[in-house]
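Here is what each chain is made of, one letter per residue.
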Amino acid sequence: MTWRARGDHYYKLARERGYRSRAAFKLLEAVKRFRLIRPGDVVVDLGCAPGGWLQVASELVGREGFVLGVDMRPLQPLSLTNARVLLLDVMEPGAIERIRAELPEEASVLLSDMAPSSTGVRELDHARQMALAERALEIARGVLRPGGRALVKASQGDMLPAFLKAVRNSFRSSRLFKPRASRPESPEIYVVALGFSGSKCLKNV
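Per chain, residues are indexed from 1 in the order of the written sequence. With pLDDT at 70 or above as the cut-off, local features in this predicted model cover only qualifying residues; side-chain atom pairs require 80 or more to be listed or tallied, and sums for whole chains, interfaces and linings still use all residues. Side-chain numbers here rest on the full set of heavy atoms in the structure, without hydrogens or water.

Chemist: What's the story with the overall build of the protein chain in this structure? I'm lost.
Modeler: We count a stretch as a helix when DSSP gives it H or I for four or more residues in a row; a strand needs E for two or more, and each element gets its number in order from the N terminus. Scanning the protein chain from terminus to terminus reveals 6 helices and 7 strands. When the helices and strands of the protein chain are placed in sequence order, the string is α-α-β-α-β-β-α-β-α-β-α-β-β. Think of it in three bands: with a 1.4 Å probe and only protein chains considered, a residue is buried below 20% of the maximum accessible area for its type, exposed above 50%, and partly exposed in between. Expressed as a percentage of the 205 residues in the protein chain, the buried residues total 51%. Residues are treated as being in contact if the distance between any of their heavy atoms lies within 4.5 Å. The long-range fraction of contacts in the protein chain, counting pairs at least 24 apart against all pairs at least 6 apart in sequence, stands at 67%. In these tables, accessible area is a Shrake-Rupley quantity obtained with a 1.4 Å probe, and a residue counts as shielded only by the protein chains included in the view. Surface summary for the protein chain: the accessible area is close to 10300 Å², and the carbon and sulfur share equals 51%.

Shown next as structure tokens:
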């Protein structure tokens with residue numbers, strides 16, 4: 001199946017199921033393979049607009065769980081009783097503290113599908129994506145409970161090995177994951193991290 005056909009498949013499937021983006025199927029595949037989200041979990045979803053991952057996470061945590069979406073851009077309202085959206089630039093000083101203040105307890109899962117606007121310059125786009133991935137890791141360290149899990153969008157390139165090393169310093173295990181819904185030629189890749197060590201961010205950043 002070509003990318004165009006596969007892309008159309010996920011786009012149509014998202015519309016059929018009422019998901020706001022075809023990216024929902026990236027998260028669904030990750031959850032199926034790695035059991036990332038479970039009933040009753042508290043989830044933080046960074047870069048949540050337009051809301052596809054927020055919808056999936058809300059379904060999976062159920063009535064006893066909670067999902068906090070975080071994005072700079074406003075979302076069209078979602079009728080989700082177990083989810084809330086925080087309008088926030090995660091790069092701002094104090095962002096971790098603001099996210100923690102919105103949670104009922106320490107998070108079980110940190111999701112990040114944050115991505116920069118593309119410039120078309122591969123090296124620059126890679127560096128900007130990895131800066132967002134590094135920030136997501138900082139936030140994970142600040143909000144996750146011991147044993148927590150994370151899924152972070154990254155980018156294949158020179159900076160990825162150093163990022164993986166940093167992830168492994170905070171989690172029991174990690175691996176790279178390329179969802180079927182991703183374009184094969186895209187440098188997009190996700191880092192799955194399991195078993196957070198519990199070492200917290202020591203400063204309010």
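Chemist: I would appreciate a short explanation of the pairing of strand E4 (residues 107-112) in the present structure.
Modeler: Here is the key point about a regular strand: its side chains alternate between the two faces of the sheet. Where burial is concerned, most of E4 is hidden: 6 out of the 6 residues are buried. Should DSSP find at least two bridges between two strands, the strands are regarded as paired. With 4 bridges connecting them, strand E1 (residues 42-46) and E4 associate as parallel partners. By the bridge assignment for E4, Val43 is matched with Val109. Judged from the 5 bridges that link them, E4 and strand E5 (residues 144-155) form a sheet pairing that is parallel. For Ala107, the partnering residue across the bridge sits in E5 and is Leu144. As a crossover connection, the stretch from E4 through helix H5 (residues 122-143) into E5 is right-handed. For a crossover, the right-handed case is the one in which the path from the first strand over the helix to the second runs clockwise, viewed with the strands pointing away from the viewer.

Chemist: Help me understand the pattern of salt bridges, please; the structure alone is not making it clear to me.
Modeler: Close approach of charged atoms allows side chains with opposite charge to pair. Should a side-chain nitrogen of Lys or Arg be within 4 Å of a carboxyl oxygen of Asp or Glu, the pair is scored as a salt bridge. According to the stated counting rule, one finds 8 salt bridges in the structure shown. Where Lys26 meets Glu188, a salt bridge forms, and the shortest distance between an N and an O atom there is 3.0 Å. In this pair, Lys26 sits in helix H2 (residues 24-34) while Glu188 sits in strand E7 (residues 188-196), placing the two residues 162 residues apart along the sequence. For the pair Lys26 and Glu188, one class covers both residues: buried. Salt-bridge contacts for Asp113 lead to Lys153; the nearest nitrogen and oxygen are separated by 3.3 Å. Remark: Lys153 occurs in strand E5 and Asp113 occurs in the loop between E4 and H5; sequence separation between them is 40 residues. Given a relative accessible area of 15%, Asp113 falls into the buried group.

Chemist: Please clarify how the nonpolar core should be interpreted in this entry.
Modeler: One broad trend across soluble globular proteins is that nonpolar side chains are buried collectively. The set of buried Ala, Val, Leu, Ile, Met, Phe, Trp, Tyr and Cys residues whose side-chain atoms join them within 4.5 Å is what this entry labels a nonpolar core. One finds Leu46, Ile99 and Leu110 to be the most contacted residues of the largest nonpolar core, which totals 37 residues. Where this core is concerned, the elements lending two or more residues are E1, strand E2 (66-71), helix H4 (95-102), E4, H5, E5, helix H6 (160-168) and E7. Counting residues per element, this core draws most heavily on H5, which supplies 8 residues. In this structure, Ala24, Leu36, Trp53 and Leu54 belong to the second largest nonpolar core, which totals 25 residues.

Chemist: Which parts of the structure should I look at to understand the packing of aromatic side chains?
Modeler: Pairing of aromatic side chains here covers Phe, Tyr and the six-membered ring of Trp, requires ring centres within 6.5 Å, and sorts the geometry by plane angle: under 30 degrees stacked, over 60 edge-to-face, intermediate tilted. The final tally for this structure, using the stated rule, is 3 aromatic pairs. Aromatic pair Phe34 and Phe177: ring centres 5.4 Å apart, planes at 85°, arrangement edge-to-face. Here Phe177 lies in strand E6 (residues 171-177) and Phe34 lies in helix H2, a separation of 143 residues in the sequence. Phe34 gets classed as buried once you look at its relative accessible area, which sits at 12%. By relative accessible area, Phe177 is classed as buried at 1%.

Don't take any of this as a statement about function, it's just geometry.
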